[in-house]
Structure formats: structure tokens, C-alpha cells
Amino acid sequence: QVKLLQSGAALVKPGDSVKMSCKASGYTFTDYIIHWVKQSHGKSLEWIGYINPYSGGTNYNEKFKSKATLTVDKSSSTAYMEFSRLTSEDSAIYYCARSRYYSPFDYWGQGVMVTVSS
Amino acid sequence: DIQMTQSPSFLSASVGERVTLSCRASQNINKYLDWYQQKLGEAPKLLIYNTNNLHTGIPSRFSGSGSGTDYTLTISSLQPEDVATYFCLQRNSWPRTFGAGTKLELK
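The shown structure was predicted, so the numbers you read here are calculated from the model rather than taken from an experiment.

(A) Highlighting the overall build of chain B. When its secondary structure is counted, chain B shows zero helices and 11 strands. Secondary structure elements of chain B occur, N-terminal to C-terminal, as β-β-β-β-β-β-β-β-β-β-β. Its C-alpha atoms give chain B a radius of gyration of 13 Å, within 12% of the compact-globule value 13 Å for 107 residues. Over its C-alpha atoms, taken along the principal directions, chain B stretches across nearly 35 × 25 × 25 Å. For chain B, with 107 residues in total, the buried portion stands at 45%. For chain B, the proportion of contacts with a sequence separation of at least 24, taken over those separated by at least 6, is 56%. Charged side chains in chain B number 10 positive and 8 negative. The centres of these two groups are separated by 4 Å.

Written out as C-alpha cells, the structure reads:
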């Protein structure tokens, strides 16, 4: 069955970077794009961007363009998101989700809680 | 960016009751509207896509409708397991944007 397994929770210091992973299984990794979504505590969801594992092409929300970097490793069916220059505003749960190009986000990872604290 | 406004923010209803949640877009989104259910401590789960298409495995008590800027999610007979926060998402344009959510509780 389709699974997106995300890496574990992270505690990072302000100004540092964090890199999280999303390992796909149960489908052909290059057939679906991978989105990343931020959920701040008790708040709504924000779309960060997506990466196309087939081409490596990306599309970022302007709000996160200088903050997030999306990559993939096709050999391990894993997508990565690196978040840089972290502040307390970046403390949140980050989800990966898959979709066909213009289709809904049909499967989601379990989420990664990132806490930014000194 | 397209702004998505959900109402109400909180809703309390009884088991068996018919429940309607609303989502309004700041411009026409051509029925590219999805609904997600998020239970406490879990990831969002796709319920309905393209306004009125039920995702695989979703009970038929869930339905969606709408067009243009106004969309609704209806639960025909509320069940205890439906307690969750419901989000709408527009896929008409980039960036994708979500509503702030409706938190549904049992009365």
C-alpha cells in the first residue's frame, strides 16, 4: 500500500538549518509529485512547494522561496526538504504529500515536528 | 494568492444530525476544490476532490457541492468518528491555498 514515511522530530537552534525526509513506498516514485505543507501549532495549513521526482523540477510558494530547498533521491524513493535560517516562526509540523500533477493530495506522510529553540 | 475563507470556525452538532460546512474563495476556482479531514494528532486525509468526488474508501454520508467561489461539505448523518477539523484546499492556481478550517465537535 502507498506510504510516505517521514523522518523523526527535530529540535534545532535559531539560525540553524534542518533537513527532513519523506520516503515513498507502494507506488512508482517518479509518477507523482511530492508537496510539502506547513502546519503551525493550532493553525491552518500552508503549501510550501512541490518537487517532481521524475525531472527534479520544483515550484515554490513565494513566501518560502528563500527558506525551503526541495530535493529528491530517486534511487531510494526519498524526497527531502531543507529549511534554513530557522526562527521561532518555523516551529511547526511539516507534512509531505503526493499528487499527480493537477490532482489532489491523496496520501500524506505522518508529519515531522520541528521545534526551534535555543 | 487566492484566499479561502471557511465558516463556521467551530461547529457543535449531535450524532445523526445533518451538518454543512462552507468554504468561500476570493475568486472563481472552477470547482478545483478539495476537502480534507484532520483528526487530532493525525495527518490530513482526503475526503472529496474537485468539489463533489468522493475519494476511495470515504463513507457516502460525506458529499460536496458548489461552483464559482462558494462550496460546501455536507455530512448527512454525523457519526462520533467524524469529530475532526475540516479544511478546504483550492487547486485552481499556484500557490495552493487552504482555508483556516472548521472544528467539528459533538454536542
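That was the structure; now back to the text.
(B) Molecular detail of the sheet that holds strand β1 (residues 3-6) of chain A. Residues and elements named next belong to chain A. The antiparallel open sheet is built from four strands, whose spatial order is β1-β3-β8-β7. On the outer flanks of this sheet lie β1 and β7 (68-73), each paired with one strand and no other. With strand direction ignored, the average angle separating the axes of adjacent strands in the sheet is 20 degrees. Both β7 and strand β8 (residues 78-83) contribute to a ladder of six bridges, which runs antiparallel. Considered in β8, the bridge of Ala-68 is made with Phe-83.

(C) Spotlight on the interface of chain B and chain A. At the junction of the two partners, chain B supplies 18 residues and chain A supplies 20 residues. Both sides of the chain B and chain A interface together cover about 1600 Å² of buried area, and 66% of this is carbon and sulfur. Its largest share of buried area at the contact with chain A, chain B owes to Trp-94, Arg-96 and Phe-98 of chain B, together 37% of the area lost on that side. Between chain B and chain A we count zero salt bridges in total. Looking at the side of chain B that touches chain A, the elements that each hand over two or more residues are β4 (33-38), β5 (45-49) and β9 (84-90) of chain B. For the side of chain B that touches chain A, the element with the highest residue contribution is β4 of chain B, accounting for three residues. Partitioning the side of chain B that touches chain A into residue classes produces 11 nonpolar, three polar and four charged.

(D) Broad picture of the pattern of salt bridges. Applying the stated criterion across every chain, the model contains eight salt bridges over all chains. When the shortest N-O distance is used, the salt bridge between Asp-106 of chain A and Arg-98 of chain A registers 2.9 Å. Across the pair, Arg-98 of chain A and Asp-106 of chain A agree in class, each one buried. As a salt-bridge pair, Glu-81 of chain B and Arg-61 of chain B come within 3.6 Å of each other at their nearest N and O atoms. Here the residue Glu-81 of chain B occupies a position in the loop between β8 (70-75) and β9, and Arg-61 of chain B occupies one in the loop between β6 (53-54) and β7 (62-67), the gap between them amounting to 20 residues. The buried category is assigned to Arg-61 of chain B, whose relative accessible area is 17%. In the salt-bridge network here, residues are joined through shared partners; they are Arg-61, Glu-81 and Asp-82 of chain B.

(E) A look at the environment of Ser-65 of chain B. All names here are of chain B. By the secondary structure assignment, Ser-65 is in strand β7. Judged by its relative accessible area of 36%, Ser-65 falls in the partly exposed class. Taking the C-alpha atoms as reference points, Ser-65 and Lys-31, separated by 34 residues in sequence, lie 8.8 Å from one another. Within the structure, the side chain of Ser-65 is placed 2.7 Å from the side chain of Thr-72, a separation counted as a polar contact.

Thresholds applied
Going along each chain's sequence as written, the residues are numbered from 1 onward. As they are written, the chains are lettered A onward and the ligands numbered 1 onward, keeping that order. Two thresholds apply to this predicted model, a pLDDT of at least 70 for residue-level local features and 80 or more for giving and counting side-chain atom pairs, whereas whole-chain, interface and lining totals are computed over all residues. Computation of side-chain values: all heavy atoms of the structure, hydrogens and water removed. Helix numbers and strand numbers start at the N terminus; a helix is a DSSP run of H or I with at least 4 residues, a strand a run of E with at least 2. We compute the radius of gyration from the C-alpha atoms alone; for a globule the expected value is 2.2 Å times N to the 0.38, where N is the number of residues. Accessible area is worked out with a 1.4 Å probe on protein chains only. A residue is then buried under 20% of its type maximum, exposed over 50%, and partly exposed in between. We call two residues in contact when some of their heavy atoms are within 4.5 Å. This count recognises Lys and Arg as positive and Asp and Glu as negative, with His and chain-terminal groups excluded. By convention, the point assigned to a charge is CZ for Arg, NZ for Lys, CD for Glu and CG for Asp. Strand pairing follows a simple DSSP-based rule, namely that at least 2 bridges must link the two strands. A fitted line through C-alpha atoms serves as each axis, taken over the contacting stretch for helices, and the angle formed by two N-to-C directions is quoted from 0 to 180°. When two components associate, each loses some accessible surface as probed by a 1.4 Å sphere; the sum of these losses over both components is called the buried area. Between Lys or Arg on one side and Asp or Glu on the other, a salt bridge is scored when a side-chain nitrogen of the former is within 4 Å of a carboxyl oxygen of the latter. When residue character is reported, Ala, Val, Leu, Ile, Met, Phe, Trp, Tyr, Cys and Pro are called nonpolar, Asp, Glu, Lys and Arg charged, and the others, Gly included, polar. Counted as a polar contact is a pair of N or O atoms within 3.5 Å, where, for protein atoms, one must be capable of donating a hydrogen and the other of accepting one, and residues adjacent in sequence contribute only when both atoms are in side chains.

Everything listed is a geometric property; what it means functionally is a separate question.
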